[in-house]
Protein chains: 2
Amino acid sequence: MYQSPEYRQLTDYLHVQGLNVTPERMEVLSLVLKQKGHFRIEDLIRNSARRKKSISRATIYRSLKTIEQAGLIKSIRSINDEKIYEIVKGHHDHMICEQCGAIIEFHNSELESLQDRICNSRNFTASRHVMKIFGICSACQKKQE
Amino acid sequence: MYQSPEYRQLTDYLHVQGLNVTPERMEVLSLVLKQKGHFRIEDLIRNSARRKKSISRATIYRSLKTIEQAGLIKSIRSINDEKIYEIVKGHHDHMICEQCGAIIEFHNSELESLQDRICNSRNFTASRHVMKIFGICSACQKKQE
DNA sequence: GAAATAATTGAGACTGAATCTCAATTATTC
DNA sequence: GAATAATTGAGATTCAGTCTCAATTATTTC
């Protein structure tokens, strides 16, 4: 149980921070890893409620924050301002369809190096960035024809 | 009164949309234009409350949304997830200091054309983008030395 | 410009996400 | 295994943002 590298990463983080390794924290991570693609906190809460031993709303919020700080997940805001989480794989950015709300991931290395250049020229030490492009996805464009 | 181009832009938008031109909407725009740089809705509400004829919270929220749709202002989320508004001048992006919360504007034309290329290659029709770079600003770096 | 019509406003109730409180429970340390 | 400190759960609380609906106001028409 709890073999995959994600659990290691979390326990390592907890140890470094002097935090306790609790079943609740591990269970929240396990709920997260069961999600496919993007998810909302309410999804986790509902999924947890379905189990024998459910985890309280407060603990799910608290653990998610810890898991985010451990670098395992990150959050973005969708069109309707909803907070959406996703598992951190490689870094990527997002295109968001203003019509259907679809969130499309992309990665572009030019963009990454451009960020560095922009920051260097202004003495800003960047730790990360968020790029969101809003518009109409190809599927919605076809529908309109 | 209400001579500057911003008021024109708003009344034009209201006419096109078949919405009424009300003193409240104009007054909210005037509150907005008094702000320097970035501001929060609560700032406007507080400023409005100070006046002879104050405008209700609900109307300020409603009018701000209209003013945003008219293209006069836009919003971003700061580090602590606070919703921050700013007057739309030319398009620009943001660097956000994770230490002091400072929001620094920048514009880079390479970034703009790069966006187009990325979208073209994926059949995504972009209408706008948001780029936020998080890190430590030069002032905070000096403080730490 | 007065009447008719439709949109807007204000006050406060309401909603829902997120946080807080604190006693009871549990992980960690020695 | 006892002592200590961290964590949890349940529900209260907070706060931004939205909704309701009667009263008001802008707009249109003649």
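No experiment lies behind these values; they were computed from the predicted model shown. (Residues numbered from 1 in each chain as written. Chains lettered and ligands numbered in written order. Predicted model: local features only at pLDDT ≥ 70, side-chain atom pairs only at ≥ 80, totals over all residues. Heavy atoms only, no water.)

1. Thoughts on the protein's contact with DNA strand C
Then comes step 1: Taken together, 21 residues sit near DNA strand C, with Y61(A), K65(A), T22(B), R25(B) and T59(B) positioned nearest.
Then comes step 2: The side chain of Y61(A) places a nitrogen or oxygen atom 2.7 Å from a phosphate oxygen of DNA strand C.
Then comes step 3: In this structure, a phosphate oxygen belonging to DNA strand C sits 3.1 Å away from a side-chain N or O atom of S56(B).
Then comes step 4: Looking at the surface near DNA strand C, the elements with two or more residues in it are helix 4 (57-69) of chain A together with helix 2 (23-34) and helix 4 (57-69) of chain B.
Then comes step 5: For the surface near DNA strand C, the leading source of residues is helix 4 of chain A, giving four residues. (Near = heavy atom within 4 Å. Polar contact = N/O pair within 3.5 Å; in protein donor to acceptor, adjacent residues only side chain to side chain. Helix = DSSP H or I, 4+ residues; strand = E, 2+ residues; numbered from the N terminus.)

2. Description of the nonpolar core
Then comes step 1: With 26 residues, the main nonpolar core has F106(A), I133(A), F106(B) and I133(B) as its most contacted residues.
Then comes step 2: When residues of this core are traced back to their parent elements, those giving at least two are strand 3 (93-97), helix 5 (109-120) and strand 5 (125-136) of chain A together with strand 3 (93-97), helix 5 (109-120) and strand 5 (125-136) of chain B.
Then comes step 3: The contact partners of F106(A), leaving out residues within four places of it in the chain, are H92(A), D93(A), H94(A), M95(A), L111(A), M131(A), I133(A), I118(B) and R122(B). (Core = buried A, V, L, I, M, F, W, Y, C linked by side-chain atoms within 4.5 Å. Buried < 20%, exposed > 50% of the residue type's maximum accessible area, 1.4 Å probe, protein only. Contact = heavy atoms within 4.5 Å.)

3. Let's talk about the protein's contact with DNA strand D
Then comes step 1: In the vicinity of DNA strand D lie 20 residues, with T22(A), R25(A), T59(A), R62(A) and Y61(B) positioned nearest.
Then comes step 2: Looking at DNA strand D alone, sugar and phosphate atoms form 79% of those within 4 Å of the protein.
Then comes step 3: One nitrogen or oxygen atom from the side chain of R25(A) is found 2.7 Å from a phosphate oxygen belonging to DNA strand D.
Then comes step 4: Within the side chain of R62(A), an N or O atom sits 2.9 Å from a base nitrogen of DNA strand D.
Then comes step 5: Within the residue set of the surface near DNA strand D, elements represented by two or more residues are helix 2 (23-34) and helix 4 of chain A together with helix 4 of chain B.
Then comes step 6: In terms of residue count, the dominant contributor to the surface near DNA strand D is helix 4 of chain B (four residues).
Then comes step 7: In terms of residue class, the surface near DNA strand D is made up of seven nonpolar, six polar and seven charged. (Nonpolar A, V, L, I, M, F, W, Y, C, P; charged D, E, K, R; others polar.)

4. Things to note about unusual backbone geometry
All names here are of chain B.
Then comes step 1: Phi is positive for D81, which is not a glycine, with a value near 70°.
Then comes step 2: If you trace the backbone, D81 turns up in the loop between strand 1 (73-77) and strand 2 (83-87).
Then comes step 3: In this model, N123 sits at a positive phi of 60°, which is unusual for a non-glycine residue.
Then comes step 4: Mapped onto the secondary structure, N123 falls in the loop between helix 5 and strand 5.
Then comes step 5: Of the residues examined, N123 reaches a relative accessible area of 53% and is grouped as exposed.

5. Comments concerning the environment of L111(A)
Then comes step 1: Mapped onto the elements of the fold, L111(A) is located in helix 5.
Then comes step 2: On the accessibility criterion, L111(A) (1% relative accessible area) is buried.
Then comes step 3: If near-sequence neighbours (up to four positions away) are discounted, L111(A) is found in contact with D93(A), F106(A), M131(A), L111(B) and L114(B).

6. Details of the layout of surface pockets
A probe matching the size of a water molecule, rolled over the atoms, marks out where space remains unfilled.
Residues and elements named next belong to chain A.
Then comes step 1: Put simply, the second largest pocket is a space of about 180 Å³.
Then comes step 2: Taken together, Y2, P23, E24, E27, R51, K52, K53, S54 and I55 make up the full set of residues lining the second largest pocket.
Then comes step 3: Classifying every residue of the lining of the second largest pocket by side-chain character gives three nonpolar, one polar and five charged. (1 Å grid on protein atoms, 1.4 Å probe; cavity = no way out; pocket = protein on both sides within 12 Å on 5 of 7 lines; lining within 4 Å. Points joined across faces, edges and corners; volume = space filled by probe spheres on them.)

Take it as geometry only, folks, not as evidence of what the structure does.
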